[in-house]
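What the coordinates show
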Amino acid sequence: MCGITGYVGKDEAAPILIKGLARLEYRGYDSAGIAVLEGHRIRALKMPGKIKELYKGLKKTRLNGTTGIAHTRWATHGIPNYINAHPHYDCRKAIALVHNGIIENCEGLKAQLKKEGHKFLSETDTEVLPHLIEKYYKGVLEDAVRRALKDTKGSYAIAVIHKDEPGKLVGARCGSPLVVGIGTGENFLASDCPAIMDRTRKVIFVDDQEVITLTGDTVVITGLNGRKINKKSTTIDWDISQAEKGGYAHFMLKEIYDQPRVVHEILSSRADVAKGRIDLEGIKITTAGLREVDNIVISACGTAYHAGLVGEYLIEKFARIPVEVDVSSELRYRNPVYGKRSLFIAVSQSGETADTLAALREAKKNGVKTVSICNVVGSTIARESDGVIYTHAGPEIGVASTKAYTAQITIFILLALYLGGIKGSVTRKQLKEALTGFEMIPEYMDEILDEAETIKACAKKYYRLPCFMYIGRGVNYPNAFEGALKLKEISYIHAEGYGAGEMKHGPIALIDRNMAVVAIVPQSFTYEKMISNMQEIRARNGAIIAIATEGDLSIKKHARSVLYIPKTEEIFSPLLTIVPLQLLAYYIAVLKGRDVDQPRNLAKSVTVE
Ligand code: AGP
């Protein structure tokens, strides 16, 4: 939810920290701050607003020193303002600390520390940490950090410096992501890899309850008990330019256009059409183990949840295994009934969503086999699942998830076919036919993207309307929710997704000329039903935008605007119908002057409850 960076080495820390922070802005951007060790003095600057405000402040206030920390915030406790911005200090300003996460027992800790004479300045939960460290400090920063963290409950990724220990940077994590960057004569801490990739590609992913002590030349990792832990480093294999906009106006647009490549790469790496074989490398459950599975529980949030709904439809269709899908924030408290032969699937682009991580841990406590479908390699959900199927969609920076969604659906289609093959409900011949059709999808996505100007023109016709309704059926029912979510989160226009068959049970009362209705109505076995629903809406002056199959000319009688997708088998159609919905939301948001990549109130990864 927030982004942190840390540097210790031979170069001036401030420019390195700020540049790294800018690459983490997608994690939160309501205030930012930096602290640098100048000899035995901590010099700091904090600003409300985006990182560019901090840039401006640093032009006036030079911070010199080769050890430092920085932070970009997404407020959880305390409004976004100067005093609540990180870094936070102890009483003597001997310690500076930045934090991503939530200290759940902060009130109790603060009360106790106040009793012991500590003075607090902010409303944040974070501020208890430097005071706790001060309480236990006996000359060795990492010892005091380990001791202090034993008193805390909740989630954290922290970076800490002490004025009496120049050249030392300490970090720790529990529940929030943290990576160590290993350089030559310099080392780094960061919430995510893009922050350090300019300086090094050699990283160590930190696990929960681990404490890191860095100098320019040394990296020491221990548990909270102080016992050393040896961890392997990983070399990041994707290019920083992938994490840049690449000439597009927004990350979101770049990622929408990246979808054909992503789907193609997943298929070329995981499907052998000629042999009718699928490789779900990483799933780590044997064929025999999968054959025993008699029910599947899918847990996710937001867009990932919608991908799970598509997965439910496909797995039940091909593998005839009962599936239930739940939003993680409900599942984790619902005390669901798991059987001995249940399979739990967590779906998460970031692999750090707190609710999904908690639901995963609950399932593991119940002895359930767990698999995650994740995009970020080495993320917590990925590492804590028994098996992980990576989508390898590359970094998704826009807060509104697009290519991760179509990548998740692609994996679900392969998983459904794979399970069907194991269960015997899909023959080798059927598998080959399905994969042959699947291979056309990237090209069909490109054809839709080639029609972007038509979609832009459609956005111009409807962007002033105050509310939208999205309706769909069957395997395109989840896209009604996903299309609505895209519009809501980047344009701030109210939008709802509904099963088309539900309209008569209440929502049709909303229909009037101020309501745009997006009807997802490709060729399918429920096509006629969709047409009836559209007629009911038009009879009440609803303005319909139809997402229909190329060649369907009769649809024009039922809709004011039509956006076409190429003809394809119904099981692949969600991968196509979502593309015009993504672009429609994008162009409407641009027309409304919204901050498309960093919409208000949101962050890319919701690592708190
Ligand atoms: C989707 O556009 C949103 N940004 C949000 O709903 C997101 O899908 C959700 O927070 C889940 O994130 P995850 O996939 O990283 O777990």
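Here the structure is shown first, and the text comes after it.
Just so we're clear, the structure is a prediction, and the values are computed from it rather than from any experiment.

Bringing the side chain of Ser 328 into the picture now. Positionally, Ser 328 belongs in helix 10 (residues 328-334). The class for Ser 328 is buried, based on a relative accessible area of 0%. Among the polar contacts made by the side chain of Ser 328, one reaches the side chain of Thr 356 at a distance of 2.8 Å. Among residues more than four places away in sequence, those in contact with Ser 328 are Ser 299, Ala 300, Cys 301, Asp 355, Thr 356 and Ala 359.

Turning next to the pattern of salt bridges. The full count for this structure, using the stated rule, is 33 salt bridges. Here Arg 146 ties to Asp 143 by a salt bridge, and the two come within 2.7 Å at their closest N and O atoms. In this pair, Arg 146 and Asp 143 both sit in helix 5 (residues 141-150), three residues apart, roughly one turn of the helix. Relative accessible area serves as the criterion here: at 11%, Arg 146 is assigned to the buried category. The partly exposed category is assigned to Asp 143, whose relative accessible area is 41%. Taken together, the shared-partner salt bridges in this structure form one network comprising Lys 10, Asp 11, Glu 186 and Arg 199.

Turning our eyes to something else, we now look at helix 11 (residues 354-365). Every α-helical turn comprises 3.6 residues, leaving residues that sit three or four positions apart pointing alike. Taking 1.5 Å as the rise per residue, helix 11 with 12 residues should run 16 Å; its terminal C-alpha atoms sit 16 Å apart, in good agreement. Of the residues making up helix 11, those classed as buried are Ala 354, Asp 355, Thr 356, Leu 357, Ala 358, Ala 359, Leu 360 and Ala 363. Buried residues along helix 11 sit against strand 17 (295-300), helix 10, strand 19 (342-348), strand 20 (369-374) and helix 12 (380-384). Positioned one or two residues after helix 11, Gly 367 has a phi angle of 75 degrees, which is positive.

A separate point is the packing of aromatic side chains. Summed over all chains, the structure comprises seven aromatic pairs. For the pair Tyr 7 and Phe 188, a centre-to-centre distance of 5.3 Å together with 55 degrees between the ring planes defines the contact as tilted. Of the two residues, Tyr 7 is situated in strand 1 (residues 3-8) and Phe 188 in strand 10 (residues 187-190); the sequence distance between them amounts to 181 residues. On the numbers, 6.4 Å between centres and 70 degrees between planes, the contact of Tyr 338 with Phe 344 is edge-to-face. Both residues of the pair, Tyr 338 and Phe 344, belong to the buried class. Lys 46 extends its terminal NZ or CZ atom over the ring of Tyr 82, reaching a point 5.6 Å from the ring centre. Across the ring face of Tyr 492, the terminal group of Arg 600 is positioned such that the distance to the ring centre comes to 3.9 Å.

Conventions adopted
Residues numbered from 1 in each chain as written. Predicted model: local features only at pLDDT ≥ 70, side-chain atom pairs only at ≥ 80, totals over all residues. Heavy atoms only, no water. Helix = DSSP H or I, 4+ residues; strand = E, 2+ residues; numbered from the N terminus. Buried < 20%, exposed > 50% of the residue type's maximum accessible area, 1.4 Å probe, protein only. Polar contact = N/O pair within 3.5 Å; in protein donor to acceptor, adjacent residues only side chain to side chain. Contact = heavy atoms within 4.5 Å. Salt bridge = Lys/Arg side-chain N within 4 Å of Asp/Glu carboxyl O. Expected span 1.5 Å × (residues − 1). Phe/Tyr/Trp six-rings, centres within 6.5 Å; stacked < 30°, edge-to-face > 60°. Lys NZ or Arg CZ within 6 Å of the ring centre and 35° of its normal.

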